Amino acid sequence: MLDALGEPQSVLVLGGTSEIALATIKEMPRHRLRRVLLAGRPSESLDAAVAQLKALNIAGVEPIEFDAKNTDTHGAIIDAAFDASDIDVVILAFGVLGDQMTAEEDPSHAVEIATVNYTGSVSAGLHVARRLKNQGHGTLVVLSSVAGDRARRSNFVYGSTKAGLDAFAQGLDASLEKTGAHVLIVRPGFVRTRMTSHLPEAPMTTNPEDVAKIIVTALKKGKSTVYAPGPLRFVMAGLKTLPKPLFRKLPS
Amino acid sequence: MSEAVATQLSGWGRTTPTVAQLVEANSPSQIANLITQSSSRGVLARGLGRSYGDAAQSGGATVVDMTTMTDFSLNPENMSVTADAGASIDNILREIVPRGFFVPVSAGTRIITVGGAIAADIHGKNHHRDGSFGAHVTEIVIINGRGEQLTLAPENPQFWATIGGMGLTGIITSATFTVIPIQSSYISVDTERLKDLESIMSSLLERDHEYRYTVAWIDSVSPSGRGVITRGDHATIAQCDSEGIKNPESYDPKKIASAPGLVPPGLLNKLSVRAFNEGWYRKHPRSRIGELQRIGAFFHPLDGVHDWNRIYGPRGFLQYQFQVPDSASDLIGVVLNKLREIGAPSFLTVLKRFGPGNQAPLSFPQSGWTLAADLPAGISELGRTLDQLDELISAVGGRLYLAKDSRQSPANFARTYPRLDEWRGIRDTMDPNHVFASDLSRRLEI
Ligand SMILES: Cc1cc2nc3c(=O)[nH]c(=O)nc-3n(C[C@H](O)[C@H](O)[C@H](O)COP(=O)(O)OP(=O)(O)OC[C@H]3O[C@@H](n4cnc5c(N)ncnc54)[C@H](O)[C@@H]3O)c2cc1C
Ligand SMILES: NC(=O)c1ccc[n+]([C@@H]2O[C@H](COP(=O)([O-])OP(=O)(O)OC[C@H]3O[C@@H](n4cnc5c(N)ncnc54)[C@H](OP(=O)(O)O)[C@@H]3O)[C@@H](O)[C@H]2O)c1
């Protein structure tokens, strides 16, 4: 249960090795956390993520096996997590950036990106929403992206999956009205994580810790959408209305 | 037949609401059915929602609104009241005060139910002398986790597990408690204004036994910890006559509803709280003897102010109420200093002495001191600071009041209520499947 200051006791991360999600856990008051479930594909990095949080004296850190692509398994995995005790915050953090050029040449790569980022999120998101509604409280944090605000030549396959995810999350939030459950949509710009380490940095680049602070504050305030960094909201509002010829001339 | 309605519920502090299926209570058999047919989220009774934190809410559960079952009757011969659990102390007082009786223990608000008074084992300004509410209860009728109705007497451990049991042993449907005879609806009040915390504490220590009721208000803004002690006894007919009071038994607290300037106006901020504390201190004479105050003005001054809990804005507020033994009386000053340091504005800071506790395993009061401060939830550093204070308090054998708590950790709770396991054992005889659950019981892993 959240306490009166909005500090969570239990968190489930879908995409348990995500650097943004792990930074978010670290930003939460540690002594309050009783249970942190890191769901992901079994790997050394998942074990390392568990070890990293345990080393910070965070209680109840556990890995659970979860693959975004195996949508058949989502219901049982999410039910087991919620059956053990209420979950205050679920962070839907899995996602792949993929490679745009490869995707254009080999559509099966595009399908892979869409399956993880969109199909997997729809499946997991609906199962989580069902359980949040049942417990009458809790927030699903969805890691969308500014890439979904307007499709760009350089990464429109990824961008389109985030656009779909973002629209899904908005609708899901509406469906949860008056149930006590909420959705927080987070739209980061370029964040320095392993997902982007091979790319040149864009303007307004941030670190996972910056995004984490924004997420934790937004959770306390009960917001439903945030950009990271905040001012990106205005930049994206501008970009969305920019005439096509101008938009396409922007450096990618 | 009343239907379940998805309803957002919170405590008086308005923090962390959750949504439950709210059903109006209409009969013991209906309540028994709700219990036996409950979902895995469980069932909880709710009274008038005056507990500050998450005790009377339960996300996803069936919450039974008890305030629709309100019958009660006074038995003047054996000086007792038998009431439905949903009957309010307000309505009971309106009936019994003009007939010459008063409740054995009165909280700072009369807008609470009999069920809530028992479940929290409430205390009042007379704790040093009369103990808490549970000490005056003679019978409890309750529906347990199997849907069975039990009639409990003080010989029964299940009776004491229910007192202070925060609704987790069952749903109380009715109870009998003793009342005290009074001659008038007035309290004869002595007021003493003191310059610092030390003088307040020593005056309370020395003179508590002289009065049935005492409490001290502390100026939380002033570094000295100055404040005002008010002490009182039920006024006799002779006292009322000598003051020229006509109809000393008449009681209609609505009439004083507009009186108190006890709440700062508008949304609270540091400045308004500072100004309020200064004004409230100055308003009281250095010393005054034998002033006759109405019961409402003396016991329930805030009840005259509609929805005063909204002055804290959308983030809501909490009340930090703890108890420490006499051997750790210095902690009162430590806590006041710490709260002032982080700039936590409180207009309502109350200090009182407790007498010995009772045999209920989860009852809050124990001999020593209790301090309560209302604090806005939005203050930065509040969480960390209160956690540090929890540590200091638990280290000396003190603890927090569950009816006010909304943030302590499960570990702190378990450490400070050493009879928790004994209570759990009794609870398991009443509710083996843990049908009764609240957000508080989930948060504290009770
Ligand atoms: C302004 C103010 C001043 C106060 N002053 C004092 C004070 O001086 N001393 C003090 O001790 N407290 C004080 N309180 C706290 C208050 O007295 C308690 O929280 C009390 O329990 C509230 O009663 P309620 O009917 O509103 O119960 P609720 O807040 O609705 O419920 C409180 C608990 O009782 C349980 N409960 C309610 N009805 C039943 C039932 N029928 N069967 C089983 N369980 C039930 C609930 O499940 C919950 O756990 C104050 C509160 C306010 C707002
Ligand atoms: N970094 C940015 O610039 C940026 C900007 C906007 C939005 N985002 C979004 O933020 C989220 C988190 O990204 P991040 O920056 O923290 O990157 P990250 O560290 O690479 O995290 C991505 C996570 O997705 C998981 N994942 C990938 N495929 C999966 C699958 N099939 N099943 C389960 N988990 C899978 C990864 O797990 P493995 O360890 O098993 O691979 C990893 O935990 C992503 O949704 C991303 O799209 C990132």
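Above this text is the structure in question.
This one's a predicted model, so the numbers in the text were calculated from it and none came from an experiment. (Residues numbered from 1 in each chain as written. Chains lettered and ligands numbered in written order. Predicted model: local features only at pLDDT ≥ 70, side-chain atom pairs only at ≥ 80, totals over all residues. Heavy atoms only, no water.)

Pairs can form between side chains of opposite charge once their charged atoms are near each other. Counted according to the given criterion, the structure contains 39 salt bridges over all chains. Notably, a salt bridge pairs E201 of chain A with R192 of chain A, separated by 2.5 Å at the nearest N-O pair. For R192 of chain A, a relative accessible area of 35% puts it in the partly exposed group. Residue E278 of chain B pairs with R282 of chain B through a salt bridge whose shortest N-O separation is 2.9 Å. Of this pair, E278 of chain B and R282 of chain B both sit in helix α8 (residues 270-283), 4 residues apart, which is roughly one turn of the helix. By relative accessible area, E278 of chain B is classed as partly exposed at 33%. Each of D3 and R32 of chain A together with D387, D390 and R407 of chain B takes part in a single network of salt bridges with overlapping partners. (Salt bridge = Lys/Arg side-chain N within 4 Å of Asp/Glu carboxyl O. Buried < 20%, exposed > 50% of the residue type's maximum accessible area, 1.4 Å probe, protein only. Helix = DSSP H or I, 4+ residues; strand = E, 2+ residues; numbered from the N terminus.)

All names here are of chain A. As a matter of local geometry, ligand 2 sits amid 28 residues, with T17, S18, Y158, V191 and T193 nearest to it. The contact in question runs from an oxygen atom of ligand 2 to an N or O atom on the backbone of E19, over 3.0 Å. The separation between an oxygen atom of ligand 2 and a polar side-chain atom of K162 is 2.9 Å. Taking 880 Å² as the accessible area of ligand 2 by itself, protein coverage stands at 93%. (Near = heavy atom within 4 Å. Polar contact = N/O pair within 3.5 Å; in protein donor to acceptor, adjacent residues only side chain to side chain. Areas by Shrake-Rupley, 256 points an atom, 1.4 Å probe, with all protein chains shown as cover.)

With that out of the way, let us pick up the packing of aromatic side chains. Describing an aromatic ring pair means giving the distance of the ring centres and the angle of the ring planes. Residues and elements named next belong to chain B. In this structure the tally under the stated criterion is 19 aromatic pairs over all chains. Centroid distance Y213 to F298: 6.1 Å. Interplanar angle 65 degrees. Geometry classified as edge-to-face. Residue Y213 is found in strand β13 (residues 213-218), and its partner F298 is found in helix α9 (residues 295-299); the two are separated by 85 residues along the sequence. Y213 gets classed as buried once you look at its relative accessible area, which sits at 1%. Classification of F298 as buried rests on a relative accessible area of 3%. Between F276 and W280, the ring centres sit 5.7 Å apart and the planes meet at 20 degrees, which makes this aromatic pair stacked. Taken as a pair, F276 and W280 lie in helix α8 at a separation of 4 residues, close to a single helical turn. Assigned by exposure class, F276 and W280 land together as buried. Taken together through their ring pairs, the aromatic side chains of W12, Y52, F276, W280, W308, Y312, F317 and F347 make up a single cluster. It is K125 that lies over the ring of F298; its NZ or CZ is 3.9 Å from the centre. (Phe/Tyr/Trp six-rings, centres within 6.5 Å; stacked < 30°, edge-to-face > 60°. Lys NZ or Arg CZ within 6 Å of the ring centre and 35° of its normal.)

This is a description of form; function is not addressed.
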